[in-house]
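Notes for the structure review
Chain residues, written in single-letter form:
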Amino acid sequence: MLRIYVSALGKEHGDGTKEKPFRCIREAQTAVRSRLKKGAAGGITVIVGEGTYMLDEPLVFGIGDAGGERCPVTYRNAEGQTAELIGGRVLSEWKDAGNGVWTTEVPKGMRFHTLYADGARIPKARMPASGYYRSLPLEEDGRAGIGYKEADFPEFPYHSSGAEGLQIYVWPGGGEANWFAETIPVAGKKEGKILFKRPSCWEIGEGSRYYLQGSLAFLREPGQFHLDEAAGVLYYRPRNGSPLHERVVAPAIGRILHIQGDRDAERVSGLTFSGLTFACTDFAEDFRMMREEPGMDNAEPDENRNGIIYMRNAHGIEISDCVIRNSGTCGVYLDRSVEGVRLLRNRIERVGHTGIYASGYAPGEGAFRNCLAAYRNRGHLIADNIIADGGELVGHGSGIVLYQSGDNEIAHNRITNMPRYGISMKGLRFQRMPQELWGMHVTWENHASFLFTRNNVIRYNDLSNVMTDSQDGGLIESWGIGRGNKIHGNRLHHSGIHFSFGFGIYLDDASNDVEVTHNLIDHLYRTGEGKLWMAIFSKGVGNRITNNLIANNESECAFGTQEMAGEKNRDIVIRSNIVSNSGYMYAHVNWSDERLYSADCNLYWRGGEPPFVTSEELPYPAVGVSKVWGKLYAWEAWRSLADGKFDAQTINAPAEFVDEAAGDYRLLPTSPAYRLGWLDIDFSKIGPRLE
C-alpha cells in the first residue's frame, strides 16, 4: 500500500515521503489524485503528523479523490500524534481596554458569529446575559416582530431606523410551543415592538422566550464577545481575566471536510478519515428553523445543511476515531443522497446544532420517477460514539437526528447534555401529506411508502440529561415516521423536565409499527413547574412495548396513549414490562375500545399502592382526579373493562433487584417477573464498547 506523509513542521518543496513530508493536506490530496489517474490500486494512506493545520477554505473531496473498492484512500493521524484541523484563525495581539474588556484587530469586513477560547464556546454579548425574556402579545402580524417590555431594555441599543448586527434568538409559537428556535436579524424597534428583517417561520405568541444579541452595549458579563465588523475590532470579556494565555480562535468557514460526488449517479466512494481532530467552524447570521413549503415539516433549509463534516452524493465513507468539536452547526451532516456511511468511535462535542444529522429527501422533493428512487439516505452504521454538549446555538439541537433516513443501525453511543432530543426520528405525518407525491396519489394504505425513516435499529445507547431547554419531547423521540423501527436495549437516565411537559421514550404523532423492547428507563425527574408525564408515551398504530424496565422515575404514569391531530392511535401492545416506583400504571388520554391490542403480564410496584389508571372518560366511577389528564380510576375497574381483556395476569409486587440503591437492576432468581415471561436485559452492552 502506498503511503504519503504530511507534517505541519515540514519544509517547503516536500515530496510526500516520510523524510520530506508535504506541509499541508491539500498537497497530499493533489498527489493522491495524480496516482489515482495513473491507475493506482490496492489503497493509499495519507499519514498526517503532529500539529495544527489552519484552514480558510474547506477541504473538498470528490470522485477523483478515492477509487472505491479498487483503491480506497485513508487519511489518518500518525501513531501517537495529534493532528488538528482548525476552520479559522488564532487571534493574538490583545490590548487591555479596561473594565475586564480586551480588544484585538481583525481584517475589516471579517465576519463570524461565534468564537472559541481554549476549546470552549464564547457566545455573543446578549441581553439578558443568561436566561430569557418573555414576549408580550401582539394584535397583528405576529411573524414580523415581537412585543417587548420597555423595562427590559431601558437603553435599547439602536434607533428604529436601523439595527445593524443585532439579532434575536427566539422560540416561536408562544408559551409551551418550545419545539424549534430561530436566530433572526433585527431591523429595529417601533412602539414596543422589535421588528424582524424577515418573518419568523411561526407567529410569535405571548410568552415566547427570547433574548437579543450583537450589541457592544450588551457586553457586560464575562465569557462573551462583540465583533465590530466595520471597524475591524473584536471586543472580548474573558471568563478568567486575560486572553493572553488562551488560544482564541475566530472561525472562518462553516465546513472543514466537504465530501461530495458530482451527482447522485456519480458518488464519491472509498474514503476514510481516522484519528484526526476537526474543530472550530462558524454559525449563520440568520438561522431559519425549517422550510415552509407544504409537506416540508422538519425539512432543513439548504443554508442550514452544514456540519464540520458534510457529505452528499457519497457512498461507503468512514469517519472513525476522530474528535469533532466546536462546530457552528452540526458535527456531521449527511445530506440527501448518502448511503453506507460508517461513523465509529468518534467524540463529537460542543456543537452548535446536532451531533449527527442524516437528512434524506423530503416527501415529494426531487425529480424522481417514484418513491423508491427517492430513497437515497440509508444504511449507515453509527456506533460507539460519544456525543456531548449539543445545541449550543440552536435550541432544538440533539444528539442524533434521522430525517427521511432508514435502514440505519444506531448502536452503543453515549449521548448527553442536549437541549432537545437524545435521538430523534422524523418524517411527515399522514394528515400533513399532500394529495400527490412523486406522481402518485397518497392514501392511508400507501402513505408509508413515502416515509423513509424506516427499519432503523436504535440499540444499546446510553442517553442522559437531554430536554434541558425545551419541552414536549423525550430522550428518544419519533414523529411521522415509516415502519419497522426498533428501539432496543437502551438506557435512558438522569434527565429532567424543567418546564411544561415531556417524556422518556416518546412515540409522537403518526409513529407506527415501532418495537420498544428491553430498555432501561431510570431516574428521570422534574424541576420547577416541569411535568414528566409518562416514561413511555405511544401514539400511532401497532406499536409493541414489551420487556422494558421502568424504575425510580418521577413520572406521573409509566405508559400513556393519545389520539390527536386526526392521526390514529390503536392496536398498541404493552406486555411483560417492569414498573417500579414510577407513578401510576397508565394514562389513556382519550380512551377508545381499539386503543390496546393487548396489555398483560406486567409487574408493578409502588410501595404496595394499587396501579391506578388515568383517562378522560372510562365507563366506571372515578376515584380521583389525575394531575396529567382527566380522572383517576381504580385498578379493579380497569381489569374489568372489555370483559377482563387487560392485565388479568399483571402482578403488584416488588421486582426484587440485586441492589437497587447501587443502580444494579439485575433481578434475583426469585423475582416474580420471571413468571410473567421476563427476559433479562444485558446491561453490559449499553454504551460505547471498549476495544
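See the structure shown above.
Report follows, based on the coordinates.

Considerations on the overall build of the protein
The helix and strand inventory of the protein stands at two helices and 64 strands. The C-alpha atoms of the protein give a radius of gyration of 27 Å, which matches the 26 Å a tight globule of 691 residues would have. When the backbone C-alpha atoms are referred to their principal axes, the protein occupies close to 85 × 70 × 55 Å. Within the span of the protein, comprising 691 residues, buried residues form 61% of the whole. Within the structure as shown, the protein displays about 26400 Å² of accessible surface, and the carbon and sulfur contribution to it stands at 47%. Treating the 75 positive side-chain charges of the protein as one cloud and the 87 negative ones as another, the clouds have centres 4 Å apart.

A word on empty space enclosed by the protein
Unoccupied space between atoms shows up once a probe the size of one water molecule is rolled over them. Tallied over the full model, the rule gives four cavities of 30 Å³ or more. What the largest cavity holds in volume is close to 140 Å³. Contributing to the lining of the largest cavity are 14 residues, with Phe180, Tyr357, His396, Val401 and Lys426 lying nearest its centre.

Focus on the sheet that holds strand 7 (residues 88-91)
What the four strands build is an open sheet, ordered 7-21-10-11; its pairing is antiparallel. Here the strands that pair on one side only, and so sit at the sheet edges, are strand 7 and strand 11 (120-122). Each strand of the sheet is rotated relative to its neighbour by a mean of 35 degrees, with strand direction disregarded. Summarising the sheet, strand 7 and strand 21 (residues 248-251) pair through four bridges and their orientation is antiparallel. Along strand 21, the bridge assignment pairs Gly88 with Pro251.

What about the packing of aromatic side chains?
For any pair of aromatic rings, the description consists of the separation of the ring centres together with the inter-plane angle of the planes. This structure, assessed with the given rule, holds 34 aromatic pairs. Ring centres 5.8 Å apart and planes at 85 degrees place the aromatic pair Tyr584 and Phe612 in the edge-to-face group. With Tyr584 in strand 56 (residues 584-588) and Phe612 in the loop between strand 58 (603-605) and strand 59 (613-615), this pair connects stretches of sequence that are 28 residues apart. Like Tyr584, the residue Phe612 is buried in the burial classification.

How each quantity is defined
Residue indices follow the written sequence of each chain, beginning from 1 at its first position. With pLDDT at 70 or above as the cut-off, local features in this predicted model cover only qualifying residues; side-chain atom pairs require 80 or more to be listed or tallied, and sums for whole chains, interfaces and linings still use all residues. The side-chain figures draw on all heavy atoms in the structure; neither hydrogens nor water molecules are used. We count a stretch as a helix when DSSP gives it H or I for four or more residues in a row; a strand needs E for two or more, and each element gets its number in order from the N terminus. Our radius of gyration looks at C-alpha atoms and nothing else; its globule reference is 2.2 Å times the residue count to the power 0.38. Only protein chains enter the accessibility calculation, which uses a 1.4 Å probe; a residue is then buried when its area is under 20% of its type maximum, exposed when over 50%, and partly exposed in between. Accessible surface area values rest on a Shrake-Rupley calculation with a 1.4 Å probe, where residue burial reflects the displayed protein chains alone. Charge counting treats Lys and Arg as positive and Asp and Glu as negative, with His and both chain ends excluded. Just so you know, the charge point we use is NZ for Lys, CZ for Arg, CG for Asp and CD for Glu. For cavity detection a 1 Å grid was placed over the protein atoms alone, and a set of points counts as a cavity when a 1.4 Å probe fits there but cannot get out; an open set counts as a pocket when protein lies on both sides within 12 Å along at least five of seven lines, with lining residues being those that have an atom within 4 Å of a point. Grid points are joined across faces, edges and corners, and a volume is the space filled by probe spheres set on the points. Two strands qualify as a pair provided that DSSP identifies no fewer than 2 bridges between them. Note on geometry: axes are C-alpha line fits, over the in-contact stretch for helices, and angles between N-to-C directions span 0 to 180 degrees. Pairing of aromatic side chains here covers Phe, Tyr and the six-membered ring of Trp, requires ring centres within 6.5 Å, and sorts the geometry by plane angle: under 30 degrees stacked, over 60 edge-to-face, intermediate tilted.

By themselves these figures say nothing about function.
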